[in-house]
Amino acid sequence: MYGLYLEAVNDYINESYGEDVWRLIEARAEIPHLKFVRHQMYNDNLILRLAKAAGEVLGKTHDELMYAFGVYMVKRIGNYGYERILKVLGRNVRDFINELDNLHEYFRFSFPKVQPPSFCVEEECETSLTLHYRSTRKGFTQFVKGQLSQVGRQFYNTDIEVEILSKEETEKMTYVVSEEQHTFVFPESFLTHTPPPTHSHLPENPKFPTAAHTDSQIYSALSALKVYKMNFDNAAFKHRMPQQKTAPGYEKLPMKRGIFFDMFPFSVIFRRDMTMYRIGDGLKEVFSDLQGKKFNEEFTLVRPMLEFSWDNIYTHLNNVFELLSKAVVESKQKDMREPPKKPLHLKGQMKYVPQWDSLIFLGTPIIETVEDMIKMGVYVNDLNLHDSSRELILAGTQQSAELQLALDQEQQKYAQLQEIIKKLDEEKKRGDSLLYAMIPKAVADRLRKGITALETCQVVFPDVTILFSDVVKFNEICIHITPMQVVDMLNEIYIVFDTLSEKHNVYKVETIRDAYMVVAGVPNKTTFHAHHICDMALDMLSSIDHLKDPSTGDNIQIRVGIHSGMVVAGVVGLKMPRYCLFGDTVNTASRMESNGVGMQIHISQTTKDHLEHEPYIIEERGKIFVKGKGYMKTYWL
């Protein structure tokens, strides 16, 4: 399918649930982050994968989402510039539905690779009509249902309630019977629905038919058939089905056979038994031996998706018909190295002629380029003069080079855009990694949403544990070594400590010169904050035994101080923002470190209380004088 549909799904999710939800759905559907291009072809399964992933993320069913996608597609159609075409498709619901099968034909010039479904109206009366929907796609029942409902609301101010009465699905096809109701009151007879007959001729391979296909193979392309019973005020209906008898009082307008077939060179007149007894001159030039043969044995019916029979044609005369020859057209150019083997593709309408009790097919070949005409031996003067066949082919050929160049340029821009988006994603990931290294992710996400820095400081953590450490005789060491040696020494120490902080699930707050500060219980609260910090402190002492003092060659020694209590945490300032801790607990933890001893872990009474009944070896140090705090009872861990 074209990117137009996927772009609408993308916009629906973004508008309804936000871009973050779309990213999550995109990842769960395993679809690479990209911008869908409206006129680019994508796999049909993408929209189904998105619906499945969206259902898992949003907690909605597949049917609910596909219905919503269909509704939004119609709402969004105005943004693509196609709303005016839908508005002029019919002046009422009945006209719109009857013209629905031709809608995709009007879009073929904008979307040449479209594989349209088939819509056929049957059993029409003044109060209802039955719409048969056939498609090579499965899983789009609710999508079409949503589109039909929204068309009624948006263009005809009519609420349509659609109810699926029955559904049969096999490996070969999907058969759905549903009823669509406008909000009117109807006789009881209209609430009774008889399921349509089983279509046993509908088989399996959803591939576009080729010249080698038989009739049964053509119908194997039908993978889904739905029947919608639409009850509404169909006052616009007029019984237009022609009668199979000669109407009296016709004015006679005699015309020679040669003139008629010159006007319609690709026409075919055939009887009830499908025998072709008159062939247009242009068609004779391509296939000289068609006359007298069965129409449905020489051609396959591509659109509408029906069995190629007299009865089916006669009951669907309001549809556009597309035929594909079973025989290939041999090249008339003898100098061509590889003559093409292509079937003849005809498109036109069927008309019943009561005087002859025959049907006449008035068609024209679908030829994409002048080169195809030359290969087939078809010439411009073979085409109908009264329609736009000649102009379309010739004008298309004249503009194809320019259009191809423009398309190539757009595809190149698209490739460049995708590369830019990819690089932006990579840069965003790098930026996020750097940001999350400075500020906790939860806090950073709040700042992105517009929360001020001051508001982040309104979070109180009643019970946390803080650790400070520094290098013993750091100032003396710095006197005897170069600044670069100081940087190298601290870098080695901090790499070890950073690894331990990850291991013990603690948050690194900051480093100032040789001072290293971490906390547990912030920003993620835990009852085991003291245990995490003390485990890290023990590992810190044992992990630096290989680090040497550059000035003397002796082992580096550190002091460690720990205290537990209440803090306020948040981001302050505008420039170089940092996640900071505030409160007396920070000062006390720093005093535990400054009053400590090398290669010892100095802890306060509150920290010790958190470690009660745990297998830690704790020795009482006694009371010591702490600046700003007075005498405190402390311990060695």
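Model, not experiment: these values are computed from the prediction. (Residues numbered from 1 in each chain as written. Predicted model: local features only at pLDDT ≥ 70, side-chain atom pairs only at ≥ 80, totals over all residues. Heavy atoms only, no water.)

Enquirer: Explain the overall build of the protein chain to me, please; I cannot follow it from the model alone.
Expert: Each helix and strand counted, the protein chain has 21 helices and 19 strands in total. Considering the protein chain as a whole, with its 637 residues, one finds that 47% of them fall into the buried category. Taking the intrachain contacts of the protein chain between residues at least 6 apart in sequence as the baseline, contacts between residues at least 24 apart amount to 63%. Surface accessibility of the protein chain: about 34100 Å² in total, with carbon and sulfur atoms responsible for 53%. (Helix = DSSP H or I, 4+ residues; strand = E, 2+ residues; numbered from the N terminus. Buried < 20%, exposed > 50% of the residue type's maximum accessible area, 1.4 Å probe, protein only. Contact = heavy atoms within 4.5 Å. Areas by Shrake-Rupley, 256 points an atom, 1.4 Å probe, with all protein chains shown as cover.)

Enquirer: I tried to follow the packing of helix α1 (residues 3-17) against helix α3 (residues 45-58) on my own but got confused; where do I start?
Expert: Helix packing for two helices is described by the angle between their axes and how far apart those axes are. Direction vectors running N to C along α1 and α3 enclose 15 degrees, while the axes themselves pass 10 Å from each other. When the axis of α1 is compared with that of α3, the two are roughly parallel. Seen along the crossing, α1 lies across α3 with a hand that is left-handed. Contact residues: α1 offers Leu6, Val9, Ile13 and Tyr17, while α3 offers Leu46, Ile47, Leu50 and Leu58. Its residues placed into classes, the contact of α1 with α3 shows eight nonpolar, no polar and no charged. (Axes fitted to C-alpha atoms, helices over the stretch in contact; angles between N-to-C directions. Parallel < 35°, antiparallel > 145°, perpendicular 65-115°, else oblique. Left-handed = near helix turned anticlockwise from the far one by under 90°. Nonpolar A, V, L, I, M, F, W, Y, C, P; charged D, E, K, R; others polar.)

Enquirer: Which parts of the structure should I look at to understand the environment of Tyr133?
Expert: Mapped onto the secondary structure, Tyr133 falls in strand β2 (residues 128-135). The buried category is assigned to Tyr133, whose relative accessible area is 4%. Distance in space between the C-alpha atoms of Tyr133 and Ser118 is 5.7 Å, their sequence separation being 15 residues.

Enquirer: What exactly am I supposed to notice about the nonpolar core here?
Expert: Soluble globular proteins tend to bury their nonpolar side chains together. Grouped together as the largest cluster of nonpolar side chains are 52 residues, with contacts concentrated most on Ile47, Leu50, Phe69, Ile97, Leu100 and Leu131. Per element, the largest residue contribution to this core is seven residues, and it comes from helix α4 (residues 62-76). Of all hydrophobic cores here, the second largest spans 36 residues; its members include Phe474, Ile493, Val506 and Ile544. (Core = buried A, V, L, I, M, F, W, Y, C linked by side-chain atoms within 4.5 Å.)

Enquirer: Mind showing me how you'd approach the sheet that holds strand β7 (residues 276-279) here?
Expert: As a general point, the strands of a sheet are linked pairwise by backbone hydrogen bonds and lie either parallel or antiparallel. Judged by pairing direction, the sheet is antiparallel, and its six strands sit side by side in the order β7-β6-β11-β10-β9-β8 without closing on themselves. Two strands close off the open sheet at either side, each with one partner strand: β7 and β8 (299-303). Here the strands of the sheet are splayed against their neighbours by 30 degrees on average, with no regard to which way each runs. Pairing between strand β6 (residues 266-270) and β7: three bridges, direction antiparallel. Across the sheet, the residue bridging to Ile269 is Arg278, located in β7. (Pairing = 2+ DSSP bridges.)

Enquirer: Would you take a moment to explain the pattern of salt bridges for this structure?
Expert: Where side chains of opposite charge bring their charged atoms close, a pairing between them can arise. Under the definition given, this model contains 19 salt bridges. Measuring nitrogen to oxygen at the nearest pair gives 3.1 Å for the salt bridge that ties Arg272 to Asp357. With Arg272 in the loop between β6 and β7 and Asp357 in the loop between β10 (342-353) and β11 (358-365), the pair connects residues that are 85 residues apart, well separated along the chain. For Arg272, a relative accessible area of 39% puts it in the partly exposed group. A relative accessible area of 29% means that Asp357 is categorised as partly exposed. Among the ionic pairs, Lys294 bridges to Asp273, the shortest N-O distance being 3.8 Å. One end of the pair, Lys294, is in the loop between α10 (281-286) and α11 (295-298); the other, Asp273, is in the loop between β6 and β7, with 21 residues separating them in the sequence. Lys294 sits in the partly exposed class, given a relative accessible area of 27%. (Salt bridge = Lys/Arg side-chain N within 4 Å of Asp/Glu carboxyl O.)

Enquirer: Can you help me understand the packing of α1 against helix α2 (residues 19-28) in this one?
Expert: The contact between α1 and α2 brings their axes to 7 Å, and the two run at 135 degrees. Regarding the angle of α1 to α2, the classification is oblique. Residues Val9, Asn10, Ile13, Asn14 and Tyr17 of α1 lie in contact with α2, whose contacting residues are Glu19, Val21, Trp22 and Ile25.

Enquirer: Any chance you could explain the confidence of the model for the protein chain here in plain terms?
Expert: The predicted coordinates of low-pLDDT regions are not to be read in fine detail. Across the protein chain, the average pLDDT comes to 78, with 75% of residues at or above 70. The lowest-confidence element of the protein chain is helix α8 (residues 215-220), averaging 35 in pLDDT; the highest-confidence one is strand β17 (residues 601-603), averaging 95. Here residues 170-223 scores under 50 on pLDDT; set against residues more than four positions off or in separate chains, the count is 150 contacts. Within the model, the stretch residues 239-250 combines pLDDT values under 50 with 20 contacts to residues more than four positions away or in other chains. (pLDDT = per-residue confidence, 0-100.)

Enquirer: When you look at the pairing of strand β13 (residues 507-512) in this model, what are you seeing that I'm missing?
Expert: Consecutive residues of a regular strand have side chains that alternate between opposite faces of the sheet. Relative to strand β14 (residues 515-520), β13 runs antiparallel, the two sharing five bridges. Bridge pairing in β14 links Thr511 to Tyr516. Hairpin connection of β13 to β14: two residues between the antiparallel strands, including Arg513 at a positive phi of 50 degrees.

Enquirer: Looking at this structure, how should I read α2?
Expert: Helical geometry: 3.6 residues make up each α-helical turn, so side chains three or four residues apart lie on a common side. Those residues of α2 lying buried are Trp22, Ile25 and Glu26. For α2, the arc enclosing every buried residue in end-on projection is 100 degrees, short of the 170-degree limit, so these residues lie on one face. Of the exposed residues in α2, the ones pointing more than 90 degrees away from its buried face are Asp20 and Ala27. Buried residues belonging to α2 abut α1 and α3. Following α2 by one or two positions, Glu30 adopts a phi angle in the positive range, close to 60 degrees. (Arc of directions from axis to C-beta.)

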